[in-house]
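Now for the letters of each chain:
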Amino acid sequence: MTIKQFNTQCVHEGQLEDSQFKGGVSPLYMATNYSFGEEKKRYPRYFNTPNLEAVAQKVAALEGAEAGLVFSSGMAAISTAMLSYLSQGDHVVLQNDLYGGSRNFVKTEFPKYGITYTFTEGLEVADFEKAIQTNTKGIYLETPSNPLLKLVDLKAVAQLAQSRGLWSMIDNTFASPVNQNPIAFGIDVVMHSATKYLGGHSDISGGIVVGNRTVIERVFDSAKNLGGNMSEFSAWLLERSIKTLALRVQAQNANAQQIAEWLQDNAAVDQVYYPGLKTHPDHQLATQQMKGFGGMLSFSLQPGKSVERFLENLQLIKPVMSLAGVESTALSPRLTSHALLTEEERLAQEISPQLIRFSTGIEAVSDLLNDLETALIKA
Ligand SMILES: *Cc1c(COP(=O)(O)O)cnc(C)c1O
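Residues numbered from 1 in each chain as written. Predicted model: local features only at pLDDT ≥ 70, side-chain atom pairs only at ≥ 80, totals over all residues. Heavy atoms only, no water.

Draft legend 1. Structural context of the overall build of the chain. From N to C terminus, the chain includes 14 helices and eleven strands. For the chain, the C-alpha radius of gyration of 21 Å lies close to 21 Å, the compact-globule estimate for 379 residues. By residue count, 56% of the 379 residues in the chain fall in the buried class. Considering only residue pairs separated by 6 or more positions, the chain has 72% of its internal contacts joining residues 24 or more positions apart. Looking at the chain as shown, the accessible area adds up to about 16400 Å², and 51% of this sits on carbon and sulfur atoms. Looking at the chain, you have 31 positive and 39 negative side-chain charges, and the mean spots of the two groups are 4 Å apart. (Helix = DSSP H or I, 4+ residues; strand = E, 2+ residues; numbered from the N terminus. Rg over C-alpha atoms; globule rule 2.2 N^0.38 Å. Buried < 20%, exposed > 50% of the residue type's maximum accessible area, 1.4 Å probe, protein only. Contact = heavy atoms within 4.5 Å. Areas by Shrake-Rupley, 256 points an atom, 1.4 Å probe, with all protein chains shown as cover. Lys, Arg positive; Asp, Glu negative; His and termini not counted. Charge placed at Lys NZ, Arg CZ, Asp CG, Glu CD.)

Below is the structure:
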């Protein structure tokens, strides 16, 4: 029986059969040694042990991809995928507003390999086109962006890449496969930090790359050398976590929409950034390429309100790094993710000192609103 519905795929796709004891969930196979007599030579760093294959199959199905590879972190997935597609002398077009870790990777590592890159000025298709050079090999995207939730037109950029013979790659972490499936718009390689929505409980480090078979063979050729495979136990835990992915993210979408609308009407709040708001500049695009608007939102406090006091006075919402767990969290980009930039650099990226990034959990929305209201008054 082929499973077609997303929620059913979350629960069942890729599950391993327990032929020995007939248990109802995937067994965990910790072995690092498998018989060489078998046709498939299994080994963790070949990314083909049973639990690694089970998760890869599940996420590939959720993204409408043919295959996948499961890594030990989001950055292992991203760095391996990029290096597998780039050689000395190549150039890549990178979307502005990239996740800090990806930006650091490119800036620190690419010069060592003789790979050059250009960050786009804006996020319009024309900005991507303008950045293409004669030795450009691909385009790298991340939409919605961090922390201002700006969108890039997936279909238009995929078409641009195809018309110029370039590959296209996306970090789909913020949307999760529940809200956005870039392969359907013509993007070649889709990546996730599984540490975020796929894991969803802030207790697994992981990454994933999915695409068609040719893409995955190419990434695998580098992956087996770079060795960033996920541990078997994490893979087993991740498979378990993804069973509730659709339920979790749908609850996060609903909570985030209500919170964004509520914040928009709050006198202590200046701007609210959420693609689900009709006032968001990319709202129309969001309805075209996203199935839900996501659990991430940002907002800025009015001048005179203190970000530090706001964060200190949250009781339920945790002021911690990272995102996408079932618990709501909030942070100041100036004090955390963007702390290494100068004030000028931050302002160039429109990151005001008053900005708060909010990762919506699955708590009762009334409890979250009460917590936000108290902290906003005390701020
Ligand atoms: C967290 C994150 C990453 C990196 O993932 P790790 O699991 O921390 O290596 C990459 N991209 C985005 C958008 C992220 O949020």
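Draft legend 2. Seen up close, the environment of Ala-251. Topologically, Ala-251 is positioned in helix 10 (residues 245-264). The class of Ala-251 is partly exposed, set by a relative accessible area of 27%. Between the C-alpha atoms of Ala-251 and Glu-363, which are 112 residues apart in sequence, the distance is 8.7 Å.

Draft legend 3. The arrangement of the sheet that holds strand 9 (residues 296-301) in detail. Spatially, the four strands line up as an open sheet ordered 8-9-11-10, and their pairing is antiparallel. For this open sheet the edge positions go to strand 8 (269-273) and strand 10 (329-331), each flanked by a neighbour on one side alone. For this sheet the average axis-to-axis angle between neighbouring strands, irrespective of direction, equals 25°. Of the strand pairs in this sheet, strand 9 and strand 11 (residues 355-359) are connected by five bridges, and their pairing is antiparallel. The residue bridging Met-296 from the neighbouring strand is Ser-359, located in strand 11. Lying on the sheet, helix 10 is in contact with strand 8, strand 9 and strand 11; it crosses strand 9 at an angle near 15°. (Pairing = 2+ DSSP bridges. Axes fitted to C-alpha atoms, helices over the stretch in contact; angles between N-to-C directions.)

Draft legend 4. Quick look at the site of the ligand. Gly-74, Met-75, Asp-171, Thr-195 and Lys-196 are the nearest of the 14 residues found near the ligand. Within the backbone of Met-75, an N or O atom sits 2.8 Å from an oxygen atom of the ligand. Considering each element in turn, the shell around the ligand owes the most residues, three residues, to helix 3 (residues 74-85). When its residues are assigned to classes, the shell around the ligand shows five nonpolar, six polar and three charged. (Near = heavy atom within 4 Å. Polar contact = N/O pair within 3.5 Å; in protein donor to acceptor, adjacent residues only side chain to side chain. Nonpolar A, V, L, I, M, F, W, Y, C, P; charged D, E, K, R; others polar.)

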